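Coordinates in review
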Amino acid sequence: MEVVVQITFGVIAVFILVAAAMVVSVRNVIHAALWLIACFFGVGALYMLLEAEFLAVVQVLIYVGAVSVLILFAIMLTRQITGEGVRQLTNRWPVVLAIATLLFATVLAPTLINQQWNVPPAPPLGTPEPIAGPAELGRGFVNEFLIQFQVVGVLLTVALIGAIVIAYEERARRRKVLTLAEELELKRLREQTSPTVPAPVEAEPVVQESRSASER
Amino acid sequence: MFQLTDIPRLLPEILLLVLALLVLGSDILERWGRTPAAQLERVKSSASLTAIGLGMVLFVALLQSGYIYRLPETAPVNFFTNIIRNLQSGGPGGEPIAGAFATDHLTMIARLLIIGAALVTSLLCLDVRPSAHPGEFYALIIFSTLGMCLMVGANEFLLAYLAIELTSIPLYLLAGYFRNDPRSAEAGLKYFLFGAISSAILLYGMSLAFGAALNGVGSATNFNDLTRFDRIGTFTASSGGLITLAMLFIVAGMGYKLAVVPFHSWSPDVYEGAPTPITAFISTASKAAGFILLFRLLTKTFPAMTGSPTLDTAGGWTAVLAVLALLTVVIGNLAALPQTNVKRLLAYSSIAHAGFVVLGLLAWAAAQPFDREQGLTALLYYLFIYSLTNLGAFGALALIGQQTGGDDLTHLRGLSRRNLPLALLFTVCILSLAGIPPLGGFFAKFYIFMVGWQSGATWLVVIAVVMTIVSLYYYLRLLKAMFIEPATDLTPVSLPRGIGAALAIAVVGVLVLGIFPNLILSVLERV
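Note that this is a predicted model, so its numbers are computed, not measured.

Parameters and conventions
Residues numbered from 1 in each chain as written. Chains lettered and ligands numbered in written order. Predicted model: local features only at pLDDT ≥ 70, side-chain atom pairs only at ≥ 80, totals over all residues. Heavy atoms only, no water. Helix = DSSP H or I, 4+ residues; strand = E, 2+ residues; numbered from the N terminus. Rg over C-alpha atoms; globule rule 2.2 N^0.38 Å. Buried < 20%, exposed > 50% of the residue type's maximum accessible area, 1.4 Å probe, protein only. Contact = heavy atoms within 4.5 Å. Areas by Shrake-Rupley, 256 points an atom, 1.4 Å probe, with all protein chains shown as cover. Lys, Arg positive; Asp, Glu negative; His and termini not counted. Charge placed at Lys NZ, Arg CZ, Asp CG, Glu CD. Salt bridge = Lys/Arg side-chain N within 4 Å of Asp/Glu carboxyl O. Polar contact = N/O pair within 3.5 Å; in protein donor to acceptor, adjacent residues only side chain to side chain. Phe/Tyr/Trp six-rings, centres within 6.5 Å; stacked < 30°, edge-to-face > 60°. Expected span 1.5 Å × (residues − 1). Core = buried A, V, L, I, M, F, W, Y, C linked by side-chain atoms within 4.5 Å. pLDDT = per-residue confidence, 0-100. Patch = residues over 30% accessible without salt bridge, like charges linked within 9 Å, V, L, I, M, F, W, Y side chains within 5 Å. Axes fitted to C-alpha atoms, helices over the stretch in contact; angles between N-to-C directions. Left-handed = near helix turned anticlockwise from the far one by under 90°. Nonpolar A, V, L, I, M, F, W, Y, C, P; charged D, E, K, R; others polar.

Another aspect to go through is the overall build of chain B. In terms of regular secondary structure, chain B is built from 21 helices and zero strands. A globule of 527 residues ought to have a C-alpha radius of gyration of about 24 Å, and chain B, at 23 Å, matches this closely. Projected onto the principal axes, the alpha-carbon positions of chain B cover approximately 75 × 55 × 50 Å. Here chain B holds 527 residues, and the buried ones make up 63% of them. Partitioning the contacts of chain B with sequence separation of at least 6, the portion at a separation of at least 24 is 78%. Carbon and sulfur atoms make up 68% of the accessible area of chain B, which amounts to about 18,800 Å² in all. Separation of charge centres in chain B, based on 29 positive and 26 negative side chains, amounts to 5 Å.

Next comes the structure, spelled out in structure tokens:
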């Protein structure tokens, strides 16, 4: 049983690491987002392995379901980075890799390997897990971790406000949202007129919109 | 376990939350006109609500702390005394709330410092205003203050991390708030990226410490309280490399937040790009909160690996801090010398000041309990004076930047002929930063050096004193620009009321606390 668990863990861990590496190395941003979803799935599987079924389900529902859709939407609505041409790595990545490996090999790995990871023995059958079940989790939220729970609420509110502040523009400055066909048309036009110098992307629609707003 | 009677002990935090929501909500009810006059009206109403509200929260916190007025036991029972009695029963003292939030004197004093700094910042923001989303701008300042108040009382990893995030996220947004200015946008993005990475480092350290503690517990059944600082300290006393690694990661993560060398590279750019009142806020309140959290983390979580400030025994967090303090004091001061932008210059100067505060943290590890108490008192006194001074200096700079169109040294030229009172107020702040008697900055530095010397970190004190003399050069350069160099432009600079009040608070505080330090030391010694 031990061996099976360890092999499963190894497979999942390798899967997560590969997926995470792909997230930061593939050129297409949408592919990166898809790899991120795979990575989230792997983490969900890890939770399952740790017998935290509730967390695993929540992980799949929220991260794989909601967060990744949000990321994909954000990518699709951000005009400039949908293309293939985004480079995520600089030319010096081998140097960085070497430094990181060196640090990991000299400091982290020896400490972590020499540590005797004393995993507490499993409780007898029938006793509830300390915090894995939803009922225990809920009780923890309103008892021991009440302050933290409330602070998370405030934190999420702040993040929401921040997102609105960044994304929301006053009406006069707002850019007209174009359909995909219009975007492509605009892009084609721009390439025709100035093939060498990339035109300022934002300029044209903004000017048009603000002019029409002031005319109104 | 959280109890209803704990609510009064969290009163300042709850009031801050209510105030933030009030500012957000009242902005919706304002008239959202398109004309500049209507927009100005909307900004002004949010700004004044914030300033007044923070003033009231500060008043309640002062009353609750009982440092200025303590209700005598024999007071008659009536409506007003009952209010005060109930307030003060939630004052400093008692066990941490639910094991997570300590409400001791340290928290109370730090809360007063932070809410005070937020109040001065909001006074500055009365005159340096955002162009869009005013309600959110002022609410974010209050949310950040709330985060700092939680940070100084945090007694548990989870709350500490959440409080850091609650502090940082509004500050990232505020630093990049003036989006029409590319500098500000750059500052916001840079601050966010560095902050995210430092949070990751900090979290890694915390998880390592948690793992080490779990290791020490063995087969205990309930380990839900294992994230508390003192519990981790108990269970990791005998574990070796892992907890050292955790300590290093935590110090590095906090070091990024505090901008000590070698984790400082973000701070000059962010300080330069952010709106100046926000720079004042970042460089004072968030730094003070960070130092107090670092103090709690080091002394409660890692008491077994303290080491000694004389460094006769190698290892321990004192050795790490000594290296950080040395680098910070030397590089911070030397890098400030060639700066031509005043905001960058003050940014490096505040890096250097962080080095002096680390020296105060070192003194806490001294062998004698007397030296330890002195170390903490000196540290708090330094944080108070430094916050007041820096708020004043950045406040004056905000006004100069707004009215002369830039914050290079050339913009300071001839300020004494353009507005003498402003130049004098700015001068007091700069002289206090430089540590000229009889201002507060002198006594704060003297006190830190004294406790550092007594605790045995003599070589570090010597270097710090030498670097203080070096720092005189760049501080005096500011004065030279203001008083001696000829003005290129003689249009007078006006001094609006909000910034004037903030500067007056700062300068009076620096002067009074410098001449009569006992006024505040008697309170600080209760920690």
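This next bit is on the pattern of salt bridges. All names here are of chain A. The final tally for this structure, using the stated rule, is 13 salt bridges over all chains. Here E185 ties to R188 by a salt bridge, and the two come within 2.8 Å at their closest N and O atoms. One end of the pair is E185 and the other is R188, both in helix α7 (residues 180-193) and three residues apart, which spans about a single turn. Under the relative-accessibility criterion, R188 is labelled partly exposed at 40%.

With that out of the way, let us pick up the environment of T279 of chain B. Residue and element names in this part refer to chain B. Relative to the helices and strands, T279 resides in helix α11 (residues 276-301). The sequence separation of T279 and N390 amounts to 111 residues, and the corresponding C-alpha distance is 9.6 Å. A polar contact is formed between the side chain of T279 and the backbone oxygen of Y271, at a distance of 3.0 Å.

How two aromatic rings sit relative to each other is set out by the distance from centre to centre and by the angle between their planes. Residue and element names in this part refer to chain B. Evaluated as defined, the whole model comprises 21 aromatic pairs over all chains. A ring pair is formed by F137 and Y177, whose centres lie 4.9 Å apart and whose planes are at 75°; its orientation type is edge-to-face. In this pair, F137 sits in helix α5 (residues 134-153) while Y177 sits in the loop between α6 (157-175) and α7 (182-217), placing the two residues 40 residues apart along the sequence. Owing to a relative accessible area of 1%, F137 belongs among the buried residues under this scheme.

In a regular helix each residue adds 1.5 Å, so 22 residues correspond to 32 Å; helix α13 (residues 342-363) of chain B covers 32 Å between its end C-alpha atoms and thus fits that length. For α13 of chain B, the side-chain oxygen to backbone nitrogen distance between the N-cap and K343 of chain B is 2.8 Å, and the N-cap itself is N341 of chain B.

Residue and element names in this part refer to chain B. If you look at the biggest cluster of nonpolar residues, it comprises 202 residues, and the most contacted ones within it are F143, L293, W317, L321, L412 and F426. When residues in this core are grouped by element, the largest group, 19 residues, is from helix α14 (residues 369-404). In this structure W317 touches M247, L298, F302, M305, T306, L361, W364 and A365, once residues within four positions along its chain are discounted.

Before going further, it helps to spend a moment on the confidence of the model for chain A. Across chain A, the average pLDDT comes to 77, with 71% of residues at or above 70. Contacts for the low-pLDDT stretch residues 198-216 of chain A, under 50 throughout, to residues beyond four places or in other chains number 16 contacts.

Moving on: the environment of A246 of chain B. Residues and elements named next belong to chain B. Within the secondary structure, A246 sits in helix α9 (residues 241-258). A residue is classified by how much of its surface remains accessible, and A246, at 0% relative accessible area, is buried. It is 55 Å that separates the C-alpha atoms of A246 and A37, two residues lying 209 residues apart in sequence. Contact partners of A246, with chain neighbours within four places excluded, come to G205, L208, A209 and F302.

The next point concerns helix α17 (residues 420-434) of chain B. Residues and elements named next belong to chain B. For α17, built from 15 residues, the straight-helix expectation of 21 Å at 1.5 Å per residue is met to within 8% by its first-to-last C-alpha distance of 21 Å. Within α17, eleven of the 15 residues are buried, leaving the element largely enclosed by the surrounding structure. Here α17 has its buried residues at L422, A423, L425, F426, T427, V428, C429, I430, S432, L433 and A434. Capping the start of α17 is the job of one residue whose side-chain oxygen sits 3.4 Å from the backbone nitrogen of L422: N419.

Moving on, we come to the side chain of S349 of chain B. Residues and elements named next belong to chain B. Turning to its location among the elements, S349 is positioned in helix α13. On the accessibility criterion, S349 (0% relative accessible area) is buried. When neighbours within four sequence positions are excluded, S349 is seen to be in contact with L433, Y474 and Y475.

Okay, unusual backbone geometry next. All names here are of chain B. A cis amide bond links V261 with the next residue in sequence, P262, at an omega value of 5°. Looking at the secondary structure, you find P262 in the loop between α9 and α10 (267-273). Cis geometry is found at the peptide bond from P437 to P438, where omega equals 10°. Mapped onto the elements, P438 comes out in the loop between α17 and α18 (440-455). Despite not being glycine, A259 shows a phi value in the positive range, around 55°. Looking at where A259 falls in the secondary structure, it is placed in the loop between α9 and α10. Given a relative accessible area of 0%, A259 falls into the buried group.

Moving on, we come to a nonpolar patch on the surface. Residue and element names in this part refer to chain B. On the surface, V508, L511, V512, I515, F516 and L519 cluster together to form a nonpolar patch covering roughly 520 Å² of accessible area. Ranked by residues supplied to the nonpolar patch, first place goes to helix α20 (residues 497-515) with four residues. By the element assignment, L511 lies in helix α20.

What follows covers the packing of α14 of chain B against α20 of chain B. Residue and element names in this part refer to chain B. The N-to-C vectors of α14 and α20 enclose an angle of 150°; their axes lie 9 Å apart at closest approach. In the crossing of α14 with α20, the sense of the turn from one axis to the other is left-handed. When α14 is examined against α20, the residues Y381, I385, L388, T389, G392, G395, A396 and L399 are found in contact with a partner set consisting of I499, L503, I505, A506, G509, V510, L513 and G514. Considered class by class, the residues forming the contact of α14 with α20 number eleven nonpolar, five polar and no charged.

Let's shift gears to the side chain of Q64 of chain B. The topology assignment puts Q64 of chain B in helix α2 (residues 36-65). In contact with Q64 of chain B, other than residues within four places in its own chain, are P8, R9, L11, P12, L87, Q88, G90, G91, P92, M108 and R111 of chain B.

All names here are of chain B. Within the element layout of this structure, L174 appears in helix α6. Residue L174 is classed as buried on the basis of its relative accessible area, which comes to 0%. For the pair L174 and A187, spaced 13 residues apart in sequence, the C-alpha to C-alpha distance is 9.7 Å. Non-local contacts of L174, meaning those with residues more than four positions away in its chain, are made with F137, L140, I141, P275 and I278.

Now for the confidence of the model for chain B. For chain B, the average pLDDT comes to 89, and 98% of its residues sit at 70 or higher. The complex prediction reports pTM at 0.88, with the ipTM value standing at 0.90.

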